[in-house]
Amino acid sequence: MSKKKEKQNKLSVVWQPQPGPQSWLITCPVFETLFGGARGGGKSDGVLGEWATHADMYGPNAIGLCVRRERTQLVELIERSRIIFKPLGAHFHEQDKLWRFPNGARLRFAYLESDNDAQSYQGHSYSRVYVEEMGTFPNPAPILKLMATLRSGAGVPCRFIATANPGGPGHLWIKQRYIDPSPLGLKIIPSLFENPFTGEKIQKDRVFIPSKVTDNKYTNTAEYIGNLYLAGDDQLVQAWLFGDWNVMLGAYFHEWDARKHVIKQFKIPKNWTRFMSMDWGSYRPFCVGWYAVVPDEFDFGFDTKAHNWFDNSNIRLPRGALIKYREWYGAAKDKFGSIIPNVGMKLTVEDVAKGIVLKETEEPKNDRGRANLVYRVGDPSMAAENGGPSMFERLGEYPYYLNFQKADNKRMGQLGALGGWDMLRQRLKGEDGRPMIYFMETCTETIRTLPAVQRSETKPEDVDTESEDHAADETRYACMSRPYSRPSNNDTLRSMIGRKENTLRGIILQDDIGLISEPSRFNDARIR
């Protein structure tokens, strides 16, 4: 055989998966796959290579859709696809953003700027759906709608494949769906369904395939890893380099610390002031929170074993602190009882009113036999009449008698006054290392969503309203109803003068602190 003919018979390798995660992705038989979790892990190449393999195997019956949140985010992915697909003889239609392969396979690139954009794909049939950087989607609704397009009349095995890194508006729901059930990945997570027509049991599986920079020989270099460290932020490095999903990237409230802000459940003394706050939602979740105000410094000194509680004995609740002791988060649940992030229950106002009354059964009662709450504040939108009684009016009617007032809805500070987010931040910071707001462990959805609320990219002083911010809004209303500001230097000195053991009795402050009384003996109160 001549050298020329031998050269012609040689195969040209355009792309091949690297050993490890990329190879696992190509051969994985699981229907739903999350691939990646860290920077530089070869996610995009894995997706494009998986499609090339699928197209080669199934020809005209291979029909694919690859989406991102914004059109500009597709640019680099399309450019990379040119490098891989063109040598395979594929032709790219610029206007349709569609690759056509010589054997008839086709892959379309598209974007979903709004959740409603997914509706336009209903009725389509795909054998592959790829979602790049799924963390940019604040809720799973459009993603799940795209999954419904996976079907093949030719019997081609269909797959959904997504890539994601920690952080972004979708961090919480992705973590709940893929990471929490299998933190280390490579474990099949089954979901069981029943065919309503035949009673047949159906199982759909999903899996998380982690891929890090060390799995990619092209980025596993000292130079690239050094570039990641240049980000400077330790949390950012932890997420980008190690794929740590417990890091809340872009979080608005970096002051959050579960070790400080979350306390074990205890029985609120009857004499403490109580009030309620509410953020309305129907298509999106609503959130109701019940709060108590600490009247004087409070010391947990009970026998933890006798009450079967964890140790709160090192916590002293400061005077004026807020305790969120109960919540009702109106989010839909799946058939397994798990919260569907950022999807509401679609209840009527009357249904919510009945639920509130039911949850207040154990509250101390006033002389009218109703829950002894000093006041209730609610989402100002609930006061809108819109041609009929407002939500506030409907809540206040017989037999509920839930009388609300409009919450202060200032989100950001104006003309020197603190806005709602600043007020909440001040309470999270507190003073002398002690917060001025606490959340009982039973407030699970506030604890889940508040630390993950994202900062707005267009308004850095505000939160991203597409993130799951409902519990945060409700907590903001509560904080605005009880204004608090961190103490000034004079306040700190005044506190020192008021202490019994203090020797600075002769100091006079210019702001006239008034008569200094002996500290209350309630400081030493303990739960018995």
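Scoring rules and cut-offs
- Residues numbered from 1 in each chain as written.
- Predicted model: local features only at pLDDT ≥ 70, side-chain atom pairs only at ≥ 80, totals over all residues.
- Heavy atoms only, no water.
- Helix = DSSP H or I, 4+ residues; strand = E, 2+ residues; numbered from the N terminus.
- Expected span 1.5 Å × (residues − 1).
- Buried < 20%, exposed > 50% of the residue type's maximum accessible area, 1.4 Å probe, protein only.
- Axes fitted to C-alpha atoms, helices over the stretch in contact; angles between N-to-C directions.
- Parallel < 35°, antiparallel > 145°, perpendicular 65-115°, else oblique.
- Left-handed = near helix turned anticlockwise from the far one by under 90°.
- Contact = heavy atoms within 4.5 Å.
- Nonpolar A, V, L, I, M, F, W, Y, C, P; charged D, E, K, R; others polar.
- Core = buried A, V, L, I, M, F, W, Y, C linked by side-chain atoms within 4.5 Å.
- Polar contact = N/O pair within 3.5 Å; in protein donor to acceptor, adjacent residues only side chain to side chain.
- Pairing = 2+ DSSP bridges.

As a further point, take helix α3 (residues 43-58). The first and last C-alpha atoms of α3 sit 23 Å apart over 16 residues, in line with the 22 Å expected at 1.5 Å per residue. Of the positions making up α3, those classed as buried are K43, D45, G46, V47, L48, G49, E50, W51, A52, H54 and A55. In the stretch just after α3, G59 is the one whose phi turns positive, near 55°.

As a packed pair, α3 and helix α4 (residues 75-85) sit with axes 10 Å apart at the nearest point and diverge in direction by 45°. It follows from the interaxial angle that α3 and α4 lie oblique. Relative to α4, the crossing made by α3 is right-handed. Between α3 and α4, the residues in contact are S44, D45, L48, W51 and A52 and L77, R80, S81, I84 and F85, respectively. Residue composition of the contact of α3 with α4, by class: six nonpolar, two polar and two charged.

Another aspect to go through is the nonpolar core. Counting residues in hydrophobic clusters, the biggest one holds 35 residues, and the most contacted among them are W272, L317, I323 and I356. Listing elements by their share of this core, those giving two or more residues are β11 (273-279), β12 (286-293), β15 (322-333), α11 (349-359), α12 (391-396) and β19 (437-440). Counting residues in each nonpolar core, the second largest holds 29 residues, with I26, C28, W51 and F85 among its members.

Inspection of the secondary structure assignment puts N165 in the loop between β7 (159-164) and α6 (171-179). A polar side-chain atom of N165 sits 3.3 Å from the main-chain amide nitrogen of A38. A polar contact is formed between the side chain of N165 and the side chain of K43, at a distance of 3.2 Å. Those residues in contact with N165 that lie beyond four places of it in its chain are G37, A38, R39, K43, E133 and W245.

A separate point is the pairing of strand β9 (residues 201-211). Bridge count for strand β1 (residues 32-37) against β9 is six bridges, and the pairing is parallel. Paired with E32 across the strands is R206, a residue of β9. Summarising the sheet, strand β8 (residues 189-194) and β9 pair through six bridges and their orientation is antiparallel. Considered in β9, the bridge of L192 is made with Q203. The antiparallel pairing of β8 with β9 creates a hairpin that spans six residues between the two strands, and G199 there sits at a positive phi of about 80°.

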